[in-house]
Amino acid sequence: MMRATLSGRSPWIRFASAWRAWSEILGAAFLAFVLSLILAGAAHSAQTARQSLDGWIENGTQATIDQVSAAAAQRFKPVLPDAVHDLGPGKTLWLRLRLQADPGDRPEWGLDLPVPLLDFVTLYEKGPDGKWSAQRAGDTLAVASWSRPGRYASFDLNLPPGVTREVFLQVRHRDPIGFELRIAPASALEQGRKIDYLPLGMILGTLLLLTAWCLIQAGIHRDPVYAWYGLYAAAMTLTMAAVTGVAGQLFWNQSPFWADRAQGVLPIALSGINILFLRHLCSLAARYPKVDRLALGTGVLVLLMSAAYPWVEGWASNAMVSFSLLASLVLTFVLAGLAWRRGDPVGGWVLLAYAPLALTIVVVVVRLYGWITASWLTFDASAAASALAVPLLLGALHARSRDRHGVRTRVNKLTQQDALTGLLSAMAFEEQLKGAVSGAIMRREAAAVVVVEVVNLQAIRQAYGDEMAEQCLLRAVIKLHRVVRDSDPAGRIAPGRFGLVLEGVRSRAELQERMVRLLTAGLTPARGAALDIPLQFHLACVLLSERVMTPALLLRDLDRLLASMSPRTRRPIRFLDPDDSRGPTRNNPTDGGAPAGTVSSQSGSSGRSQGRSSGPDSAGPGAMV
């Protein structure tokens, strides 16, 4: 019962711990974003030269600046700064601004309309010769042809100090819209534009980094979930770049058609990708098949709508954008809520990720129908909410893939590691031995190969049982780690045998010193052990600088050398003799001058080797249990 309770709460414990880890990163990013907004607000709060603002909406597009400034002047009415203008197809908004710079100011001023999606904007200013000059911008014009190419419409003004100037703005847009007018000295506006790029650069850089990282993870793990996430993050990045005007300025500044239509195509496509991604992430097909089919059908439908959007005009285009955004929002909370209801931590991550994004989506839809003015909340804030949602969704992705990758990793390790000791399996050790032999042959790298046998393992098993025998094997592994570096391959190649590849060993004396320490460690009783059982090791060694052969032959000859030892031998450390071509046979230092245990080649076509040992064996310190 206790186990069931803990297992039921463990996903939320993992969610809480993961959230604590991510909260520091997200908190720092949020503070940086807030700081950038404060700096941007300070930059845009410069002094203004505006004295009055009047407006008139023309039912048509034929009026010229001369007609508007003269005959239609009496039609202008005062306009509030936060007014929403009733624009649409076949309508033109004319704004008349009376401006006067303070005495002592420089005449270089500017006017910005920080709304990247306006279709057409023209600023008319009368020059010294009395003629009107025009500066143009808007989505229906190539950004490269604007008077000041940028994310949004930006114009230069010439305001001599103390002189009242009258300028006109001509605005066309397919929907009702309201927007801010920023009028300030040119240097202050330029500084404000640069500060505006700071949060956008942070957001887009974070999204691109996460996209690249997930694509790399998809290739490494071959996990389609990471590929889906990479597609989602890439679509989010491109959409935010388009909505904030960065893409229009940098990517498609020569295509007015796509610059205009991308403002709708990309958000709709992102909505469809979002639905399909969350459907795959929440995995509700087994428990809620109807909801799963609804999400699949809606996601495909929204993607088809994005393909048809460029050729749709009027109210239908707004309906497509609204439907896709709201359908994505509703299905997001439905899928996440059902996943959260069944105790899946993925649902918690998704709900947390989309809480701020949901607010901005509602604001965008409300702005789309002209109920509020277009502001930073509908552009920069949506980009910030998206940048916050993407890493939080990465937490959901980790929660989903952690268990699956854990199982896969454990299965893979079963083929690479010994289940009892954690050392390399016999097959994996042979692969490492092949690399050592290849390095000794081709690059003359120094290395030694040792096969260690726990001689009294069978006696321990018979006397104390299998459980004690397994504990002794684990103790033997601890002893091995005293003489083996972390980088040296070590594997269990038989029930009571271990193979070692000791890299960098150049002499028998160096190797023997390490093996003597291993022998001593085996005979030393373990601290705190209830039963003092010594481990008796036999060691068969070879220096690859003395004897180079295939890994299979090396292991065979070392096995024969171990088989030639008596259980009570006084010489538990023995070396294979070097090849005849590598010099004369050297005495084994452990034998006190007696010839070492050797494996020599017999004459004949079989080419087999036979291990032989010299000197009598007698009882020594490694006694059996």
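In case you missed it, the structure is sitting above this.
Anyway, here's the lowdown on the structure attached to this text. None of the values given here were measured: they were computed from a predicted structure.

Describing the sheet that holds strand β13 (residues 537–543)
Here's step 1: Strand order in the open sheet formed by five strands is β11-β12-β10-β13-β14, with mixed pairing between adjacent strands. One side of each edge strand has no neighbouring strand; the edge strands of this open sheet are β11 (490–494) and β14 (573–575). Strand after strand, the sheet turns through a mean of 25° between neighbouring axes, direction not considered.
Here's step 2: Relative to the sheet, helix α13 (residues 466–480) contacts β10 (447–454), β11, β12 (497–503) and β13, its axis offset from that of β12 by approximately 10°.
Here's step 3: Helix-sheet contacts for helix α15 (residues 551–563) involve β10, β12, β13 and β14, and the interaxial angle to β13 is about 140°.

Quick look at the packing of aromatic side chains
Here's step 1: Scanning the model with the defined rule gives ten aromatic pairs in all.
Here's step 2: Measuring from ring centre to ring centre gives 6.4 Å for Y229 and Y232, while their planes differ by 45°; the resulting arrangement is tilted. Of this pair, Y229 and Y232 both sit in helix α4 (residues 224–243), three residues apart, roughly one helical turn.
Here's step 3: Since its relative accessible area comes to 0%, Y229 is described here as buried.
Here's step 4: Using a relative accessible area of 1% as the deciding quantity, one classes Y232 as buried.
Here's step 5: Their ring planes at 15° and their centres at 5.2 Å tell us that Y232 and F277 sit as a pair that is stacked.

Quick look at the nonpolar core
Here's step 1: Ranked by size, the top nonpolar core spans 68 residues in total, and within it Y229, Y232, L281, V350 and L393 carry the most contacts.
Here's step 2: Elements with a minimum of two residues in this core: α3 (186–221), α4, α5 (246–250), α6 (256–282), α7 (289–308), α8 (315–341), α9 (345–368) and α10 (380–416).
Here's step 3: No other element matches the twelve residues that α6 contributes to this core.
Here's step 4: Beyond its immediate stretch of four places on either side in the chain, Y229 contacts L210, C214, F277, V390, P391, L393, L394 and L397.
Here's step 5: If you look at the next biggest cluster of nonpolar residues, it comprises 33 residues, including L97, V143, F179 and F379.

Observations regarding α6
Here's step 1: Look at α6: 39 Å from first C-alpha to last across 27 residues, which is about the 39 Å you get at 1.5 Å a residue.
Here's step 2: Of all bends in α6, the biggest is about 50°, found at A262.
Here's step 3: In terms of burial, α6 is largely enclosed, as 22 of its 27 residues are buried.
Here's step 4: S283 sits one or two residues past α6 and shows a positive phi near 55°.

Let's talk about the side chain of Q249
Here's step 1: Checked against the element boundaries, Q249 lands in helix α5.
Here's step 2: Polar contacts involving the side chain of Q249 include one to the side chain of Y197, which spans 2.5 Å.
Here's step 3: In this view, Q249 contacts V143, P149, G150, R151 and Y197; residues no more than four positions away in its chain are not counted.

A word on unusual backbone geometry
Here's step 1: Phi angles above zero are rare outside glycine, and S283 is one such case at about 55°.
Here's step 2: Residue position: S283 is located in the loop between α6 and α7.
Here's step 3: You will see that R444, though not glycine, has its phi angle at about 55°, which is positive.
Here's step 4: With respect to the secondary-structure elements, R444 resides in the loop between α11 (426–442) and β10.
Here's step 5: We classify R444 as exposed; its relative accessible area is 68%.

The rules we used
Residues numbered from 1 in each chain as written. Predicted model: local features only at pLDDT ≥ 70, side-chain atom pairs only at ≥ 80, totals over all residues. Heavy atoms only, no water. Pairing = 2+ DSSP bridges. Helix = DSSP H or I, 4+ residues; strand = E, 2+ residues; numbered from the N terminus. Axes fitted to C-alpha atoms, helices over the stretch in contact; angles between N-to-C directions. Contact = heavy atoms within 4.5 Å. Phe/Tyr/Trp six-rings, centres within 6.5 Å; stacked < 30°, edge-to-face > 60°. Buried < 20%, exposed > 50% of the residue type's maximum accessible area, 1.4 Å probe, protein only. Core = buried A, V, L, I, M, F, W, Y, C linked by side-chain atoms within 4.5 Å. Expected span 1.5 Å × (residues − 1). Bend = angle between axes of the 7 residues up to and from the residue. Polar contact = N/O pair within 3.5 Å; in protein donor to acceptor, adjacent residues only side chain to side chain.

All quantities given are derived from atomic positions and should not be read as evidence of function.
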